[in-house]
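# Inside the fold
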Amino acid sequence: MLQQTRVAAVIPYYERFLKRFPDAPALAEAPEEEVLTMWSGLGYYSRARNLQKAARQIAALGSFPQAHDEIRELAGVGDYTAAAVASIAFGLPHAVVDGNVRRVIARITNGKGDAQQIADLLLDRRNPSRSNQALMELGAVVCLPRDPQCGACPIAKFCEARRVGTQNELPHKRAKPATVHLKRTLLVIRQDDKILLAPSPRVQGFWDLPEPFEGARIGAALGEFRHSITHRNYRFTVHEAVVRVRPKEFHWFGRKDIDEIPLSTTAKKGLRCSIKYE
């Protein structure tokens, strides 16, 4: 949950999630729709799907794997997570390379060499848990991205970037995808205290307000809002609409049902534009 999401935002989700899914078997057996509903609002929903896939793998094994390569095989687990769990939970000699460690190594070497190879060389194999956590903490509280605290750094004398004065320029930033600006229209269609929802075209497994479709008669504008998904910036306009026959993949949901399904953030924002819904 903490990947790409702040701690303060995660805590209430984490507590609710663990209350509902207290162990791997409970998460493994749950319907995916319920897992996504519990995750709704955190974004990056592939994390939730991978977490459930990993829970199913763990349930099939009978316990959490304790070998690095087996941990790495769990869905959603990459090199960083596998090394962190293996070293911190099981004391295995695998070096962690996260953003903080990568920054420390880039400055120590002045941007030369492979971060993983250097981290492997720096790892204290007698206590890999402490070694990894120390290097991550150094990057988190001392070797800061914009204002490195070189005067407080215990390894400053080994830092090549500090020696030549390039510490503020490293690590080199990766090019970000160009921002794409998009306009979309969402429809609020009601019938007998129910709302018509469609499978989301933006977030797999979620329900959303439908966009204009054949047979929909669009009415008054209710409002508009902005929403960003990675590098895509959307401007949504929300309209009332009526329809005689719904497309087969669309479904009517009552208010109570809406609270129990994975509803996209754009649908929630769109419904807030409707005074009737409020």
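Throughout what follows, the structure given in this document is the object of discussion. Just so it is clear, the structure is predicted and the values come from calculations on it, not from any experiment. (Residues numbered from 1 in each chain as written. Predicted model: local features only at pLDDT ≥ 70, side-chain atom pairs only at ≥ 80, totals over all residues. Heavy atoms only, no water.)

Within helix α12 (residues 265-272) the residues assigned to the buried category are Thr-266, Ala-267, Gly-270 and Leu-271. The buried residues of α12 all sit within an arc of 135° when viewed along its axis, so they share a single face. Contacts from the buried residues of α12 go to β1 (180-191), β2 (194-199), β3 (207-208), β4 (216-229) and β5 (232-243). (Buried < 20%, exposed > 50% of the residue type's maximum accessible area, 1.4 Å probe, protein only. Helix = DSSP H or I, 4+ residues; strand = E, 2+ residues; numbered from the N terminus. Arc of directions from axis to C-beta. Contact = heavy atoms within 4.5 Å.)

One pass over the structure, following the stated rule, counts 8 aromatic pairs. Relative to Phe-206, the ring of Tyr-45 has its centre 4.2 Å away and its plane inclined at 45°; by these criteria the two rings are tilted. Taken together, the residues Tyr-45 in the loop between α3 (32-39) and α4 (46-61) and Phe-206 in the loop between β2 and β3 connect sequence positions 161 residues apart. Given a relative accessible area of 2%, Phe-206 falls into the buried group. When the centroid spacing of 5.1 Å and the interplanar angle of 80° are considered together, the rings of Phe-213 and Phe-250 count as edge-to-face. Taken together, the residues span a long stretch of sequence, with Phe-213 in the loop between β3 and β4 and Phe-250 in the loop between β5 and β6 (251-254) at a distance of 37 residues. Here the two residues Phe-213 and Phe-250 agree in accessibility, since each one is buried. Connected via pairs of aromatic rings, a cluster forms that spans Phe-17, Phe-21 and Trp-39. (Phe/Tyr/Trp six-rings, centres within 6.5 Å; stacked < 30°, edge-to-face > 60°.)

Two elements in contact, α3 and α4, have axes whose closest approach is 10 Å; the angle formed by their N-to-C orientations is 130°. In this view, α3 runs oblique relative to α4, as classed from their interaxial angle. The crossing of α3 and α4 is right-handed. When α3 is examined against α4, the residues Glu-32, Val-35, Leu-36 and Trp-39 are found in contact with a partner set consisting of Arg-47, Ala-48, Arg-49, Leu-51 and Gln-52. The residue makeup of the contact of α3 with α4, split by class, is 5 nonpolar, 1 polar and 3 charged. (Axes fitted to C-alpha atoms, helices over the stretch in contact; angles between N-to-C directions. Parallel < 35°, antiparallel > 145°, perpendicular 65-115°, else oblique. Left-handed = near helix turned anticlockwise from the far one by under 90°. Nonpolar A, V, L, I, M, F, W, Y, C, P; charged D, E, K, R; others polar.)

A cluster of nonpolar side chains, contributed by Leu-2, Val-7 and Ile-11, occupies part of the molecular surface with about 280 Å² of accessible area. Structurally, Val-7 can be placed in helix α1 (residues 7-20). (Patch = residues over 30% accessible without salt bridge, like charges linked within 9 Å, V, L, I, M, F, W, Y side chains within 5 Å. Areas by Shrake-Rupley, 256 points an atom, 1.4 Å probe, with all protein chains shown as cover. Salt bridge = Lys/Arg side-chain N within 4 Å of Asp/Glu carboxyl O.)

In this section: α3. Buried within α3 we find Val-35, Leu-36, Thr-37 and Trp-39. In the core, the buried residues of α3 are packed alongside α1, α2 (24-29) and α4. Directly after α3, the chain includes Gly-41, whose backbone phi takes a positive value near 110°.

Its place among the elements puts Arg-202 in the loop between β2 and β3. A residue is classified by how much of its surface remains accessible, and Arg-202, at 17% relative accessible area, is buried. Here Glu-211 takes part through its side chain, which lies 2.7 Å from a polar atom of the side chain of Arg-202. In this structure, Arg-202 is in contact with Arg-184, Leu-186, Asp-208, Glu-211, Ile-229, Tyr-234, Phe-236 and Thr-266, ignoring residues within four places of it in sequence. (Polar contact = N/O pair within 3.5 Å; in protein donor to acceptor, adjacent residues only side chain to side chain.)

A few words now on the packing of helix α6 (residues 79-90) against helix α9 (residues 128-141). Here α6 crosses α9 at 130°, and the two axes come no closer than 7 Å. In this view, α6 runs oblique relative to α9, as classed from their interaxial angle. The element α6 and its partner α9 pack so that their crossing is left-handed. Of the residues in α9, those touching α6 at Tyr-80, Ala-83, Ser-87 and Ile-88 are Pro-128, Ser-129, Asn-132, Gln-133 and Met-136. Taken together, the residues of the contact of α6 with α9 sort by class into 5 nonpolar, 4 polar and no charged.

Let us look at the pattern of salt bridges. Evaluation of the coordinates by the stated rule reveals 7 salt bridges. Glu-34 is the partner of Arg-20 in a salt bridge, and the nearest nitrogen-oxygen pair spans 2.5 Å. In this pair, Arg-20 sits in helix α1 while Glu-34 sits in helix α3, placing the two residues 14 residues apart along the sequence. The shortest N-O distance in the salt bridge between Arg-49 and Glu-32 comes to 3.9 Å. Of the two residues, Arg-49 is situated in helix α4 and Glu-32 in helix α3; the sequence distance between them amounts to 17 residues. Residue classification places Glu-32 among the partly exposed residues on the basis of a relative accessible area of 38%. What you see here is one network of salt bridges that share partners, running through Arg-202, Asp-208 and Glu-211.

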